[in-house]
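# Understanding the architecture of this molecule
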Amino acid sequence: RTRTFLKVQDGCDYNCSFCTIPLARGKSRSDRIDNVVANAIELGRSGVKEIVLTGVNLGDFGINESENGKSAQRNENFFGLVQALDGTPGIERFRISSIEPNLLSNEIIDFCLSKSKRFVPHFHIPLQSGSDRILRLMRRKYERALYAERVQQIKSLRADACIGVDVIVGFPGETDEDFMETIEFLKDLDISYLHVFTYSERANTGAPKLGEAVPMDVRRERSKQLHLLSDRKKRQFYSENIGSVRSVLFEQEEDEGIMYGFTENYVKVKYTYQPDLVNTFQSIKLLELDRDGIMKCERVSLINV
């Protein structure tokens, strides 16, 4: 294994109107920093080179239920976890899987991009809608202005940072105007790719009562438009990296004589399969995009085994 996921938090205290996670997973609760660090060290000893931190609401790390099970208490926080893991021996890279924009503080951004030795310049930040009206109906804890500020802060520190975005289309009551607000907002944002989700009704959620259901064919068409936008954003981001020299962690997968890996800023590359390169970091130069949107590269030198 080259890259693995490490779950450090579960549950959620948010009550987004489209989501059943609080019912299914319960209140927010977290592991302890010392235990997470110990687990990371053990993974490093097993040969893992990169860890992706995961959780239902990762930015709420440190919150736990009190003994009566009713109120939450915070003994530690996500920034403290990031700082502790940055000094962990044996793991070369840490990624943050997904973090809410209101919980991704400038303190965390600055540390990961300016001071950290191991956290990579890659953030995945859920947006869900570019319409403030829809965000309020969703009961999200931010407006799009805050989201834009987070993107600007990241890019001001690392222009080559990768930023992924979650978006939901077809939320009840989403009008053509709301959707166009989302499209135009995303067009202007310096982001790298989208994960597009088509809204589907869920039992025990308040969303279906908040507006008229969007016809399924309209949902599909809106999803298609956002997937096309994602393709353009990703190709633009990849193209901006052409000619640069990056560190790639090559993976075990072999596809008809080809192997794959990811740069620190999450550009997927392809290279002629060589077994001795599996689970090693290689310094490579990014050359050109193939027709599948994967970067061709050439090896510069071995930088770390």
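This text gives an overview of the structure that appears in the document. Please read all numbers here as calculations on a predicted model, not as lab measurements. For every chain, the first residue of the written sequence is number 1, and numbering continues from 1 along that sequence. Local features in a predicted model are, by the rule used here, given only for residues with pLDDT of at least 70; side-chain atom pairs are given and counted only at 80 or more, and totals for whole chains, interfaces and linings are based on all residues. Where side-chain values are given, they derive from all heavy atoms of the structure, hydrogens and water being excluded.

Two numbers describe how helix H3 (residues 78-86) lies on helix H4 (residues 106-115): the axes approach to 10 Å, and their chain directions differ by 15°. For the element pair H3 / H4, the angle class is roughly parallel. Note on packing geometry: the crossing formed by H3 with H4 is left-handed. Across the interface between the two elements, Phe78, Phe79, Val82, Gln83 and Asp86 of H3 pack against Glu107, Ile108, Phe111, Cys112 and Lys115 of H4. Under the grouping applied here, Gly and all other residues not named as nonpolar or charged are polar, the nonpolar ones being Ala, Val, Leu, Ile, Met, Phe, Trp, Tyr, Cys and Pro and the charged ones Asp, Glu, Lys and Arg. Its residues placed into classes, the contact of H3 with H4 shows six nonpolar, one polar and three charged. Here the axes come from fitting lines to C-alpha atoms, over the contacting stretch only for helices, and the angles between their N-to-C directions go from 0 to 180 degrees. Numbering of helices and strands runs from the N terminus, with a helix taken as a DSSP run of H or I at least four residues long and a strand as a DSSP run of E at least two residues long. Throughout, the term roughly parallel applies to angles under 35 degrees, roughly antiparallel to angles over 145, roughly perpendicular to angles from 65 to 115, and oblique to all others. Note on convention: the crossing is left-handed when the near helix lies turned anticlockwise from the far helix by less than a right angle, right-handed when the turn is clockwise. Residue contacts follow a heavy-atom distance rule, with two residues in contact if any of their heavy atoms lie within 4.5 Å.

Here we come to the side chain of Thr2. Relative to the helices and strands, Thr2 resides in the segment before strand S1 (3-10). Burial classes follow relative accessibility: with a 1.4 Å probe on protein chains only, a residue under 20% of its type's maximum area counts as buried, one over 50% as exposed, and anything between as partly exposed. Classification of Thr2 as buried rests on a relative accessible area of 10%.

Backbone geometry places Tyr266, a non-glycine residue, at a positive phi of 65°. At Asn279, a position not held by glycine, the phi torsion is positive, near 60°. When you line up the elements, Asn279 lands in the loop between strand S12 (268-272) and strand S13 (281-289). Here Asn279 falls in the buried class, since its relative accessible area comes to 17%.

Turning our attention to the sheet that holds strand S6 (residues 93-96). Within a sheet, adjacent strands bond to each other through the backbone by hydrogen bonds, running parallel or antiparallel. Between any two strands, pairing holds if DSSP finds at least two bridges. If you trace the four strands from one edge of the open sheet to the other, you get S2-S1-S3-S6, paired in mixed fashion. Strands with a single pairing partner mark the edges of an open sheet, and in this sheet they are strand S2 (29-30) and S6. Of the pairings in the sheet, the one linking strand S3 (residues 50-55) to S6 comprises four bridges and is parallel in character. Within the sheet, the bridge partner assigned to Leu53 lies in S6 and is Ile96.

Here we come to the packing of aromatic side chains. Each aromatic ring pair is summarised here by two numbers: the centre-to-centre distance and the angle between the ring planes. Each Phe, Tyr or Trp ring (for Trp, its six-membered ring) is paired with any other whose centre lies within 6.5 Å, and the angle between the two planes then decides the class: stacked below 30 degrees, edge-to-face above 60, tilted in between. The full count for this structure, using the stated rule, is eight aromatic pairs. Look at Phe250 and Tyr271: their rings are 5.8 Å apart centre to centre, the planes differ by 40°, and that puts the pair in the tilted class. Here the residue Phe250 occupies a position in strand S10 (residues 245-255), and Tyr271 occupies one in strand S12, the gap between them amounting to 21 residues. Tyr271 gets classed as buried once you look at its relative accessible area, which sits at 16%. One aromatic cluster in this structure is built from Tyr193, Phe262 and Tyr266. A positively charged side chain is recorded as over a ring if its NZ (Lys) or CZ (Arg) lies within 6 Å of the ring centre. The angle to the ring normal must also be within 35 degrees. When the ring centre of Tyr14 is taken as origin, the NZ or CZ atom of Lys141, which lies over that ring, is 4.7 Å away. One Lys or Arg, Lys268, reaches over the ring of Tyr260 and ends 4.9 Å from the middle of that ring.

Attention shifts here to the nonpolar core. As used in this record, nonpolar core signifies buried Ala, Val, Leu, Ile, Met, Phe, Trp, Tyr and Cys residues forming a set joined through side-chain atoms within 4.5 Å. Core analysis: the largest hydrophobic core is formed by 54 residues, its most contacted members being Leu53, Phe78, Leu186 and Leu226. In contact with Leu53, not counting residues within four places along its chain, are Leu6, Val8, Leu58, Phe78, Leu85, Phe94, Arg95, Ile96, Ser97 and Phe119.

Turning next to the sheet that holds strand S7 (residues 122-128). An order of S7-S8-S9 is seen for the three strands of this open sheet, with the pairing classed as parallel. Edge positions in the sheet fall to S7 and strand S9 (193-198), since each has one partner strand and no second. Strand-to-strand twist across the sheet, computed as the mean angle between neighbouring axes with direction ignored, equals 20°. Note that strand S8 (residues 162-169) and S9 share six bridges and pair parallel. Bridge pairing links Val169 to Thr198 in S9. Contacts from helix H7 (residues 176-188) reach S7, S8 and S9 within the one sheet, and its direction differs from that of S8 by about 175°.

What follows covers the pattern of salt bridges. When a carboxyl oxygen of Asp or Glu is within 4 Å of a side-chain nitrogen of Lys or Arg, the pair counts as a salt bridge. For the structure on display, the rule yields 21 salt bridges. Of the charged contacts, one joins Arg144 and Glu181 as a salt bridge, the two residues approaching to 4.0 Å between their closest N and O atoms. In this pair, Arg144 is assigned in helix H6 (residues 144-157) and Glu181 in helix H7, connecting sequence segments 37 residues apart. Overall, the relative accessible area of 34% leaves Glu181 in the partly exposed class. Arg158 serves as the salt-bridge partner of Asp160, at 2.7 Å between the closest nitrogen and oxygen. Taking the relative accessible area as the measure of exposure, Asp160 reaches 18% and is therefore buried. Arg158 gets classed as partly exposed once you look at its relative accessible area, which sits at 24%. Within the structure, one salt-bridge network assembled from shared partners comprises Lys7, Asp10, Arg25 and Arg29.

By themselves, these are just geometric observations and shouldn't be taken as functional.
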